Each structure stands twice: as structure tokens, then as C-alpha cells.
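# Secondary and tertiary structure notes
So you can see what is in the structure, the chains are spelled out below.
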Amino acid sequence: EMNAKYNRKMQVLREEMDLRRKTEIHELEERKNNQISELMGKHEGAFGDIKNYYNDITSKNMSLISLLKEQVEEMKKKEILLEKEKADVLLQNKELTEPLQQAQEQVAELQKKLARYDKDKEILMNSKARLKVTQKELKDLQWEHEVLEQRFSKVQAERDELYQKFTKAINEVQQKTGFKNLLLERKLQGLLSLLEQKEVELGEVVAVSNLDPSALSLVSHKLKDVLHSKNNTIQDLQLQLARVCKAHNDMLQTFEAKLTAFGIPLDNLGFQPLAFPLPGQ
């Protein structure tokens, strides 16, 4: 009985457990089917997204490929153009080789000039320093020049005054000397004429009077004494005339020396000073 009882319980329990198991399996299958449906939906969405993403990438890659093809064609065209330009540049380089050599020679020459320029620059700096010193000396000299100009103006005024006085004195001395020389010459001519007249009168007196030789000798001696006295007088007058002429000529030489010392040309006098010849010249 217990065995039958427990068998019945076992049967009932087994049936309940089977029912429960089937129920759970059914629920589990439903959850699994729901999850599968959700996963399939998600996978289909993700697949669609991935498909769209790769379609976009493919379309972009195709566009990029076509663009790159166009760029490659452009690059090929540019390469051809660059090859032509390269050939032209090589030709130009050949043509420019000689000017380049000349330019290099010019550069070497310019470098030499640059070295000389540095040297000249140093010389210029030294020259500027000397120029500053020279400018200072020039300012000092200008100041001294102004002082000397003022002194020169004063000396020039004094010179003009002395020149006027000297010219006036020269004119007066010339007039006096000329007048005195004229008087002495006339006096000398008068004495010579008087001497000749006296000699003629004496000859006539001797011829008329028929004096004896002793009286004639006495008269001759007296006449010789008179002639000697007159000759001495003539010599004195000639010496005085020579002294006056020499003084006049010395004065002219001194005048010319003073004019030369003051820097006045002789042509500015307005007249030409005359030198008297010494007697006997």
C-alpha cells in the first residue's frame, strides 16, 4: 500500500513536474524565440547599417577611384609637361652655364671688392675720426680767420689811409723835387751861359786892351780862380742834384716795396711814378 501510495505520489509528482517542465520549456522557448526575434531584428538592423556603411564606403571609394584616375591622368599630363619643361630647363642650363661662370667670376671679384670695402670702411672710419679733428681745427681756423678778417679790415682801412697820405706825400715830393731840379738845372744853365759870356768878354777885353804878359797872367790867374770857384759851385750843385735824384729814386723804391707788402698793384695808382736819372747818366 505504501508502495502504491508512493508510486501514485510519484506519478502525480512526475506529472506535475512534467507539466511544470513543459511549461518552463514553453516559456523558455518563448523567451528564446523572443530573444532570437530580437537578435534577428537587431542583426538585420546592424546588417542593414553595415550594408549601408559599406555601400557608402564603396560609393565613396568608387568616387575616390574615379577622382584618383582623373588625378593620375592630370599627373601624367603634368609629368609630360614637366618633362618638356625639364628639357627646356636643361637647355637653358646649358645656355646659362657660361653666364653662370661669368657670374661666379663676378662673385669672386665682388668678394675681393667686399674685402677691399671692409678695408676702405676701416679707412673711412679713420678718415671720419680725422675729419672730426679737422672740423674742429677748421672751426678754430674759421674763428681765427674771422679775427684775422677783422684785423685785416682794420689794417686795410689803415693801409687805405696810409695809401692816401703816401700818395699825397709822393705827389708833393714829386712836385717839390721836380721844381727844385728845374731850378737847379736852370741855375746851372744860367751859370754856364754866364761863364761863356764872361769868357767871350774876357777875350774881347784882352784883344782890345793889349795888356802886357804880366797883367795878362794876373788876369788869367784870377780868371782861373773864378773859374775854379764856379766849377766848384757847379760840382756842388751837381752833387745836390744827384742827392735829390737819389733820394727821389729811393723814395720810389720804398713806396713800391710798401705797396707790394700791402698787396696793392702799381697799376691801381692812376699814374706812373718817374725816376730821375742821376747826373752824368
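Each value, and the rule that gives it
Along each chain, numbering runs from 1 in the same order as the chain's sequence is written. Only residues with pLDDT of at least 70 get local features here, since the model is predicted, and only at 80 or more are side-chain atom pairs given and counted; chain-wide, interface and lining totals rely on the full set of residues. Hydrogens and water are ignored here; the side-chain numbers use all heavy atoms of the structure. Strands here are runs of E lasting at least two residues and helices are runs of H or I lasting at least four, both read from the DSSP assignment and numbered beginning at the N terminus. Relative accessibility thresholds used throughout: buried, under 20% of the residue-type maximum; exposed, over 50%; partly exposed, between the two (1.4 Å probe, protein chains only). Only the protein chains shown count as cover for residues, and all accessible areas are computed by the Shrake-Rupley method using a 1.4 Å probe. Any pair of Phe, Tyr and Trp rings, taking the six-membered ring for Trp, is counted once the centres come within 6.5 Å. Such a pair is stacked with planes under 30 degrees apart, edge-to-face with planes over 60 apart, and tilted for the rest. When a carboxyl oxygen of Asp or Glu lies within 4 Å of a side-chain nitrogen of Lys or Arg, that pair is called a salt bridge.

Per an unreviewed UniProt entry, the recorded name for the chain is Dynein regulatory complex subunit 4, and the organism is Piprites chloris.

This brings us to the overall build of the chain. Each helix and strand counted, the chain has two helices and zero strands in total. When the 281 residues of the chain are sorted by exposure, 9% land in the buried category. Working note: accessible area of the chain is about 24,100 Å², and carbon and sulfur atoms make up 58% of it.

Before going further, it helps to examine the packing of aromatic side chains. Within the structure shown, the criterion is met by one aromatic pair. Ring geometry for Tyr53 against Tyr54: centres 5.3 Å apart, planes inclined by 75°, an arrangement best described as edge-to-face.

In this structure the tally under the stated criterion is five salt bridges. When the shortest N-O distance is used, the salt bridge between Arg116 and Glu109 registers 3.8 Å. On the basis of relative accessible area, Glu109 is assigned to the partly exposed category, the value being 36%. The shortest N-O distance in the salt bridge between Asp250 and Lys246 comes to 3.0 Å. Of this pair, Asp250 and Lys246 both sit in helix 2 (residues 213-261), separated by four residues, roughly a single helical turn. Assessed through its relative accessible area of 33%, Asp250 is described here as partly exposed.

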